[in-house]
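Here is what each chain is made of, one letter per residue.
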Amino acid sequence: MNTQAMHGEGIKPRFAPHVRFKFDRRRGQWVVLAPERLLLPDENSVEILQRCTGDATLADIIDQLSAEFDAPRGEIAGDVRAMVQDLADKGILSL
Amino acid sequence: MNIDPPLALLAEITHRCPMRCLYCSNPVNLEPASRELDTATWLRVLDEAADLGVYQVHFSGGEPTARKDLGELVQHAAELDLYTNLITSGVLLESEDLFRLADAGLEHVQLSFQDTDAAGGDRIGGLKDAHRRKLEVAGWVVDAGMAFTVNAVIHRHNAGRVGEMIELAVELGAGRLEVASVQYYGWGLKNRAYLMPTEQQLDAVTEIVEAARDRLAGVLTIDYVIPDYYARRPKACMGGWGRRFVNIDPSGRVLPCHAATTIPGLTFDTVQDHALEHIWQHSDAFNRFRGTEWMPEPCASCDFREVDWGGCRCQAMALTGDAAQTDPVCSLSPLHESVRALAEREAGAGTETAVYRGAKKESVLRDLS
Ligand code: SF4
Ligand code: SF4
């Protein structure tokens, strides 16, 4: 349906109910637990997911990451949007 | 060998079940209530699973809600920060049970539907009025605020209604739908000829599921388990033997998959005798088919050996009589053509005869589809 694709950078992504994002000490890695899903996000994804609190807008997240990694905003924006959209389609994030 | 810990525990807490699904993949000989693990042992097993590194616990059966201590087990698992999932037929549940389970920390409920047609569903499930009750239970799951999946098992008699099943899942408020073709294990193997769909039916199912996936992205996640008798490659059963899942049966036997007891010559350790970690690392049953060393040709030199891990051991057992063979649904297996021909023959013959658990003789079933 991709309705979210029409939204601008004002959306505030957050984890959907019954999705848990946690650090697994034993394996030393972040995991996302959802109904019948287990995702092991890489470092870049973790940086994005840690900001999906429901408080920050997509614009905030992109600004923060491009400042932190000293990378062009446009490039970061593309990556962040793609990941957020993909996880929203899978029911992991709510927008 | 460095063995990674399992990701999920399948806790088959009981084999008791008021339903008699013709496709039930539980063993032909069920464990009686008298042999079930007690509450204290399950609580300890949950501790051991969390220590071992398990993330998710699936409470299943049989009908897991037949056990009165389910709430206690769920609560303990949630306190251990395990992600909890209930796999249920729903027919024993009342509204207050669902609110109690949600309070105990249950995150996710998978409710099975046998069909969208009540008569068809009740016939496949062998229980009157089951379909109507399931519809009611679905509402309670949503009201209690848990994540909700509809599980639908597809076979020759309901394949034509998979589109309706997708609509039903959306209507009921599910966030996820599992469309799974029957896997022929345990009791279900007896009814294979009754259940086997035709290839045309399955192509139609695949088309409908794929279209719905696009249309419903962000609304309903659809997981589709392809019917492997018609496939060219086998499924990576359990994500590979002894790699991701640990299954504990009602009597405490620790199994690499819930059909593993159909393989003769495997020795299973029990949670009464050893800690889970010890069993995961050392049990004969887990190590027998772990990794790739056990593999015969064509698997041993195949590029897919660490993709599908040679397919399903229990299926190899059921179809070739030897669990250590390549899963014969694989197109590289010399037996592939004969398996496919078997599926086509059984689907084409269109038998109307099936057998329920506990029934003395086969029953003739009127087909409404
Ligand atoms: S498949 Fe049906 S009969 Fe078998 S355990 Fe599940 S609900 Fe019960
Ligand atoms: S030969 Fe074995 S490893 Fe290769 S695709 Fe077939 S089952 Fe998989």
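All of the points below concern the structure found in this document.

Conventions and cut-offs
- Residues numbered from 1 in each chain as written.
- Chains lettered and ligands numbered in written order.
- Predicted model: local features only at pLDDT ≥ 70, side-chain atom pairs only at ≥ 80, totals over all residues.
- Heavy atoms only, no water.
- Salt bridge = Lys/Arg side-chain N within 4 Å of Asp/Glu carboxyl O.
- Helix = DSSP H or I, 4+ residues; strand = E, 2+ residues; numbered from the N terminus.
- Buried < 20%, exposed > 50% of the residue type's maximum accessible area, 1.4 Å probe, protein only.
- Contact = heavy atoms within 4.5 Å.
- Buried area = accessible area lost by both parts, 1.4 Å probe.
- Polar contact = N/O pair within 3.5 Å; in protein donor to acceptor, adjacent residues only side chain to side chain.
- Near = heavy atom within 4 Å.
- Nonpolar A, V, L, I, M, F, W, Y, C, P; charged D, E, K, R; others polar.
- 1 Å grid on protein atoms, 1.4 Å probe; cavity = no way out; pocket = protein on both sides within 12 Å on 5 of 7 lines; lining within 4 Å.
- Points joined across faces, edges and corners; volume = space filled by probe spheres on them.
- Sits in = over half its atoms within 2 Å of the grid points.
- Phe/Tyr/Trp six-rings, centres within 6.5 Å; stacked < 30°, edge-to-face > 60°.
- Lys NZ or Arg CZ within 6 Å of the ring centre and 35° of its normal.

### Quick notes on the pattern of salt bridges
Item 1. The final tally for this structure, using the stated rule, is 30 salt bridges over all chains.
Item 2. Between Glu36(B) and Arg16(B) there is a salt bridge whose closest N-O contact spans 2.9 Å. Within this pair, whereas Glu36(B) is found in the loop between β1 (8–12) and α1 (39–52), its partner Arg16(B) is found in the loop between β1 and α1, the two being separated by 20 residues in sequence.
Item 3. Taking the relative accessible area as the measure of exposure, Arg16(B) reaches 34% and is therefore partly exposed.
Item 4. Note that Arg176(B) is salt-bridged to Glu178(B), the shortest N-O span being 2.9 Å.
Item 5. Its relative accessible area of 16% is what places Glu178(B) among the buried residues.
Item 6. Each of Glu9(A), Asp63(A), Arg73(A) and Arg81(A) takes part in one network of salt bridges that share partners.

### Here's the deal with the interface of chain A and chain B
Item 1. Chain A puts 20 residues into the contact, and the matching count from chain B is 28 residues.
Item 2. Of the roughly 2,000 Å² buried between chain A and chain B, counting both surfaces, carbon and sulfur atoms make up 44%.
Item 3. Counting across the chain A and chain B interface gives four salt bridges.
Item 4. The partner of Arg20(A) in a salt bridge is Asp81(B), with the nearest N and O atoms 2.6 Å apart.
Item 5. Inspection of the chain A/chain B interface yields 20 residue pairs in polar contact (both at pLDDT 80 or more).
Item 6. Secondary structure elements with two or more residues in the side of chain A that touches chain B: β2 (20–24), β3 (29–34), β4 (37–39) and α3 (73–89) of chain A.

### Some thoughts on the site of ligand 1
Item 1. By nearness alone, every residue bordering ligand 1 is listed as Cys17(B), Met19(B), Arg20(B), Cys21(B), Cys24(B), Asn26(B), Gly62(B) and Ser89(B).
Item 2. Each residue belonging to the shell around ligand 1 can be placed in one class, and the counts come to four nonpolar, three polar and one charged.

### Things to note about empty space enclosed by the protein
Residues and elements named next belong to chain B.
Item 1. Evaluation of the coordinates by the stated rule reveals four cavities of 30 Å³ or more.
Item 2. For the largest cavity, the calculated volume is near 90 Å³.
Item 3. Looking at the largest cavity, the residues that line it are Arg233, Pro234, Pro298, Cys299, Cys302, Phe304, Arg305, Asp308, Gly310, Thr326, Cys330 and Leu332.
Item 4. Split by residue class, the lining of the largest cavity holds seven nonpolar, two polar and three charged.
Item 5. Approximately 70 Å³ is the volume attributed to the second largest cavity.
Item 6. Taken together, the residues of the lining of the second largest cavity break down into seven nonpolar, two polar and two charged.

### Some words on the site of ligand 2
Residue and element names in this part refer to chain B.
Item 1. Every residue near ligand 2 is listed here: Arg233, Pro234, Pro298, Cys299, Cys302, Phe304, Arg305, Asp308, Gly310, Thr326, Cys330 and Leu332.
Item 2. Put simply, ligand 2 lies in the largest cavity.
Item 3. For the shell around ligand 2, the per-class residue count stands at seven nonpolar, two polar and three charged.

### Thoughts on the packing of aromatic side chains
Item 1. In this structure the tally under the stated criterion is seven aromatic pairs over all chains.
Item 2. Seen from their ring centres, Tyr184(B) and Tyr229(B) are 5.3 Å apart, and the 70 degrees between their planes marks the pair as edge-to-face. Taken together, the residues Tyr184(B) in the loop between β6 (176–181) and α7 (186–190) and Tyr229(B) in the loop between β7 (221–225) and β8 (245–248) connect sequence positions 45 residues apart. Tyr229(B) carries the same exposure label as Tyr184(B), and that label is buried.
Item 3. Following the ring pairs from residue to residue traces out a cluster consisting of Phe15(A), Phe21(A), Phe23(A) and Trp30(A).
Item 4. Here Arg20(B) stacks its cationic end above the ring of Tyr356(B), 4.5 Å away from the centre of that ring.
Item 5. We note Arg313(B) situated over the ring of Phe289(B); from NZ or CZ to the ring centre the distance is 6.0 Å.

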